[in-house]
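Chain residues, written in single-letter form:
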Amino acid sequence: MESGQIKRNTEEVRRRLDEAVRLSGRPAGSVCLLAATKTRTPEEIRACIAAGIDACGENRAQELLEKLPLGAYTGKPVHFIGSFQTNKAHLLVGKVDMVESVGSMKAGAALGRLSAEKGIVTDILAEVNIGCEAEKAGVVPEKAAELCELLANTEGVRLRGIMAIPPAGEDGTPYFVRMRELFEALGKNLPAHFDTLSMGMSGDFEKAAREGATIVRVGTAIFGERNYGTKK
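Residues numbered from 1 in each chain as written. Predicted model: local features only at pLDDT ≥ 70, side-chain atom pairs only at ≥ 80, totals over all residues. Heavy atoms only, no water.

Draft legend 1. Highlighting the pattern of salt bridges. This model, assessed by the stated rule, comprises 18 salt bridges. Here Arg46 ties to Glu43 by a salt bridge, and the two come within 3.4 Å at their closest N and O atoms. You can see Arg46 and its partner Glu43 sitting in helix α2 (residues 42-50), three residues apart, about one turn around the helix. The partly exposed category is assigned to Arg46, whose relative accessible area is 35%. Across the pair Lys136 and Glu133 runs a salt bridge, and its minimum N-O distance is 2.9 Å. Judged by relative accessible area, which is 28%, Lys136 ranks as partly exposed. One connected set of salt bridges, linked through shared partners, spans Glu58, Arg60, Glu63 and Lys67. (Salt bridge = Lys/Arg side-chain N within 4 Å of Asp/Glu carboxyl O. Helix = DSSP H or I, 4+ residues; strand = E, 2+ residues; numbered from the N terminus. Buried < 20%, exposed > 50% of the residue type's maximum accessible area, 1.4 Å probe, protein only.)

Encoded structure:
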C-alpha cells in the first residue's frame, strides 16, 4: 500500500481509538497503538511510524531480524506478538522491547535464562487463552494467577501484564470484560509494573479500548489485507 494511504488509515485508526478512550473515561493517550507489521515492507512500516503509531509488533522472529538492520522500526519499540516457541528465544532476546505471548513457564524460563546471561531484563506479557480454545496457546484463565506468580519471580524477565485474542468470529466484548476483571484481580498481588493489558485488533480495537486495553494491535485497518504471496 502506498504511504499516503497508510498515513490516512493510521490517522483514522488513531481518531477512532482516541474517541473510544474518551468514551471510556480514561486519560487521553492511555492506550498504545501497536501496528501489527507481519508481511509489511520496511517502507510501509516507516510510513505508519511517520503517521504516529506508538509501537510495532512482529509475528515471526526471522522476519523481525531481517527488517531490523533495514531500519524498519527506527524510533519505536518493537514487540514480538506471534506464537512464541522456546527455540526462538535466542533470536528475540536483546532484539525486542517486549514479548507479548508467553503462555507457559517453560517459555518464560527460556527468555529469563537467556536475558540473564546477557545481563538484561526482557519485558513480557502472560498469554491467556481467554476462550479456552484447544488449538490456541496460552494458559486458561483459571491458571493465570499461578503462571503470573511464577513469571513474576523469574530472573531475567519482568512481567508487565497479560494479553489475549478472543475466539474468531465472536463478539469480543465479553472476553475483553473478563480479561479486564482478571487483570485487575491479578494486579492486587503483583508489583506495580504489572500495568499492561494487550487485547483488541483491527475489527474490535475500539471495544477493547473501552474495556480497559492498554495496547491494541492493529494491522489490516492500517495496511489493508496482507499479501501472503510475497516472501518477506
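Draft legend 2. Broad picture of the layout of surface pockets. Space inside the largest pocket adds up to approximately 480 Å³. Looking at the largest pocket, it is lined by 24 residues, and the ones nearest its centre are Asn59, Ile81, Ile165, Met201 and Arg217. Here the lining of the largest pocket is built from residues that sort into ten nonpolar, nine polar and five charged. (1 Å grid on protein atoms, 1.4 Å probe; cavity = no way out; pocket = protein on both sides within 12 Å on 5 of 7 lines; lining within 4 Å. Points joined across faces, edges and corners; volume = space filled by probe spheres on them. Nonpolar A, V, L, I, M, F, W, Y, C, P; charged D, E, K, R; others polar.)

Draft legend 3. Examining the packing of helix α1 (residues 3-24) against α2 more closely. Running from N to C, α1 and α2 cross one another at 40 degrees; their axes reach a closest spacing of 8 Å. Considering the angle they form, α1 stands oblique to α2. Along this stretch, α1 crosses α2, giving a crossing that reads as right-handed. Facing Ser3, Ile6 and Thr10 of α1, the residues of α2 in contact are Glu44, Ala47 and Cys48. Of the residues in the contact of α1 with α2, the class split is three nonpolar, two polar and one charged. (Axes fitted to C-alpha atoms, helices over the stretch in contact; angles between N-to-C directions. Parallel < 35°, antiparallel > 145°, perpendicular 65-115°, else oblique. Left-handed = near helix turned anticlockwise from the far one by under 90°. Contact = heavy atoms within 4.5 Å.)

Draft legend 4. Main features of the environment of Leu159. Inspection of the secondary structure assignment puts Leu159 in strand β6 (residues 157-163). Relative accessible area serves as the criterion here: at 3%, Leu159 is assigned to the buried category. Spatially, the C-alpha atom of Leu159 lies 9.2 Å from that of Glu149, the residues being ten residues apart in sequence. When residues no more than four places from it in sequence are discounted, the contact partners of Leu159 are Ile124, Leu125, Ala126, Cys148, Leu151, Ala152, Leu190, His193 and Phe194.

Draft legend 5. Representation of α1. Here α1 contains 22 residues, and its C-alpha end-to-end distance of 31 Å stays within 8% of the 32 Å for a straight helix at 1.5 Å per residue. Inspection of α1 places Ile6, Asn9, Thr10, Val13, Leu17, Ala20 and Val21 among the buried residues, and these make up the whole buried set. The buried residues of α1 all sit within an arc of 110 degrees when viewed along its axis, so they share a single face. Residues of α1 that are exposed and angled more than 90 degrees away from the buried face: Arg22 and Leu23. (Expected span 1.5 Å × (residues − 1). Arc of directions from axis to C-beta.)

Draft legend 6. Quick look at unusual backbone geometry. Residues other than glycine seldom take positive phi values, yet Thr39 does so here, at roughly 70 degrees. Its location among the elements puts Thr39 in the loop between β1 (32-36) and α2. With a phi angle near 50 degrees, Cys132 is a residue other than glycine that sits in the positive phi range. Examined against the element boundaries, Cys132 turns out to sit in the loop between β5 (122-127) and α6 (144-152).

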